Amino acid sequence: MTIMRFQRKELTFRQVVRILLLLFYCFLCHFIIIYFEFVDAPTPDLVLIAGNRRIAVHKALFAARVPFFEALFRSGMDANQREFTLAHVSSEVLRNIVTWVYTDTVKIRSDSIIDVLEAAHRMRMVGLFDQCQRILAQNLDTDNVLDILAYASMYEAQWLTSACLWFVALGSRHIPNNTLLQDLNATKSEKHIFLVEK
């Protein structure tokens, strides 16, 4: 039986130097690319204000991604205006909106998810609105389903409404105060009427 033995080959000084130079070259190229991307990037030209938070953003990006701002900029907003206050939005909601516009992802705190849903509905931010619906649907339980169903109706969240109704249909025996379902058409939105069979 033949046993193959592999000899350990030592790197020469010249080979080590070449490897180090190659790594340095890769790092330098990466740094140069990032640097010029940063230098060439347009500077923010608008400051959004909500509560005590001020965030500098790019008008062109917000006009392209948020129908509310597209309509605002086209409606005759002063081109020299550098600040805009969102009166009905909290500072936390503003942070979520800006994060989503720039990254397409956002981590929303449970205590502000309904506020973000409302803001996304008002600003016609379909992507963020759908993400809020998914988050709420994934966290349905017997204690919150009726409240979330009311909000879904109010903000015309059809997918979330369906998810809530399915949850109720499958687990209505475990939902306290089930008679509240009969009063959903008395909420702020009058566009949906829910018929619940007992």
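A brief look at the structure comes next. Remember, predicted model here, so these are calculated numbers, not experimental data.

Re the overall build of the protein chain
Then, number 1: If you tally the helices and strands in the protein chain, you get 8 helices and 3 strands.
Then, number 2: Counting over 198 residues, the protein chain shows a buried share of 33%.
Then, number 3: Taking the contacts inside the protein chain whose residues are at least 6 apart along the sequence as the reference set, 56% of them involve residues at least 24 apart.
Then, number 4: Accessible surface, the protein chain as shown: approximately 14200 Å² in total, 57% of it carbon and sulfur.

Section: the sheet that holds strand β2 (residues 53–57)
Hydrogen bonds along the backbone pair up the strands of a sheet, which may run parallel or antiparallel.
Then, number 1: An order of β2-β1-β3 is seen for the 3 strands of this open sheet, with the pairing classed as mixed. Of all strands in the sheet, those bounded by a partner on one side alone are β2 and β3 (83–85). The mean inter-strand angle of the sheet, taken between neighbouring strand axes irrespective of direction, is 25°.
Then, number 2: Bridging between strand β1 (residues 46–50) and β2 involves 5 bridges; their strand directions are antiparallel.

Quick look at helix α6 (residues 126–138)
Then, number 1: In this model, α6 (13 residues) spans 18 Å end to end at C-alpha, consistent with the 18 Å of a helix rising 1.5 Å per residue.
Then, number 2: For α6, the complete set of buried residues consists of Leu128, Phe129, Gln131, Cys132, Gln133, Leu136 and Ala137.

Topic: a nonpolar patch on the surface
Then, number 1: A contiguous nonpolar patch, built from Val16, Ile19, Leu20 and Leu23 and spanning about 360 Å² of accessible area, is present on the exposed surface.
Then, number 2: By the secondary structure assignment, Leu23 is in helix α1 (residues 13–40).

Some points on the environment of Glu83
Then, number 1: Within the secondary structure layout, Glu83 lies in strand β3.
Then, number 2: Once the C-alpha coordinates of Glu83 and Ile55 are considered, the two residues, 28 residues apart in sequence, prove to be 9.6 Å apart.
Then, number 3: Reaching out from Glu83, the side chain makes a polar contact with the side chain of Arg54 at a distance of 2.4 Å.

Topic: the packing of aromatic side chains
Then, number 1: Following the criterion strictly, the structure yields 7 aromatic pairs and no others.
Then, number 2: Aromatic pair Phe69 and Phe73: ring centres 6.0 Å apart, planes at 40°, arrangement tilted. Of the two residues, Phe69 and Phe73 are both situated in helix α3 (residues 67–74); the distance of 4 residues between them amounts to about one turn of the helix.
Then, number 3: Grouping aromatic residues by their ring pairs yields a cluster made of Phe62, Phe68, Phe69, Phe73, Phe84 and Tyr102.
Then, number 4: Of note, Lys59 hangs over the ring of Phe73, and the distance from its end group to the ring centre comes to 5.8 Å.
Then, number 5: The ring of Trp100 is capped by Arg65, whose NZ or CZ atom sits 4.5 Å from the centre of that ring.

Parameters and conventions
Residues numbered from 1 in each chain as written. Predicted model: local features only at pLDDT ≥ 70, side-chain atom pairs only at ≥ 80, totals over all residues. Heavy atoms only, no water. Helix = DSSP H or I, 4+ residues; strand = E, 2+ residues; numbered from the N terminus. Buried < 20%, exposed > 50% of the residue type's maximum accessible area, 1.4 Å probe, protein only. Contact = heavy atoms within 4.5 Å. Areas by Shrake-Rupley, 256 points an atom, 1.4 Å probe, with all protein chains shown as cover. Pairing = 2+ DSSP bridges. Axes fitted to C-alpha atoms, helices over the stretch in contact; angles between N-to-C directions. Expected span 1.5 Å × (residues − 1). Patch = residues over 30% accessible without salt bridge, like charges linked within 9 Å, V, L, I, M, F, W, Y side chains within 5 Å. Salt bridge = Lys/Arg side-chain N within 4 Å of Asp/Glu carboxyl O. Polar contact = N/O pair within 3.5 Å; in protein donor to acceptor, adjacent residues only side chain to side chain. Phe/Tyr/Trp six-rings, centres within 6.5 Å; stacked < 30°, edge-to-face > 60°. Lys NZ or Arg CZ within 6 Å of the ring centre and 35° of its normal.

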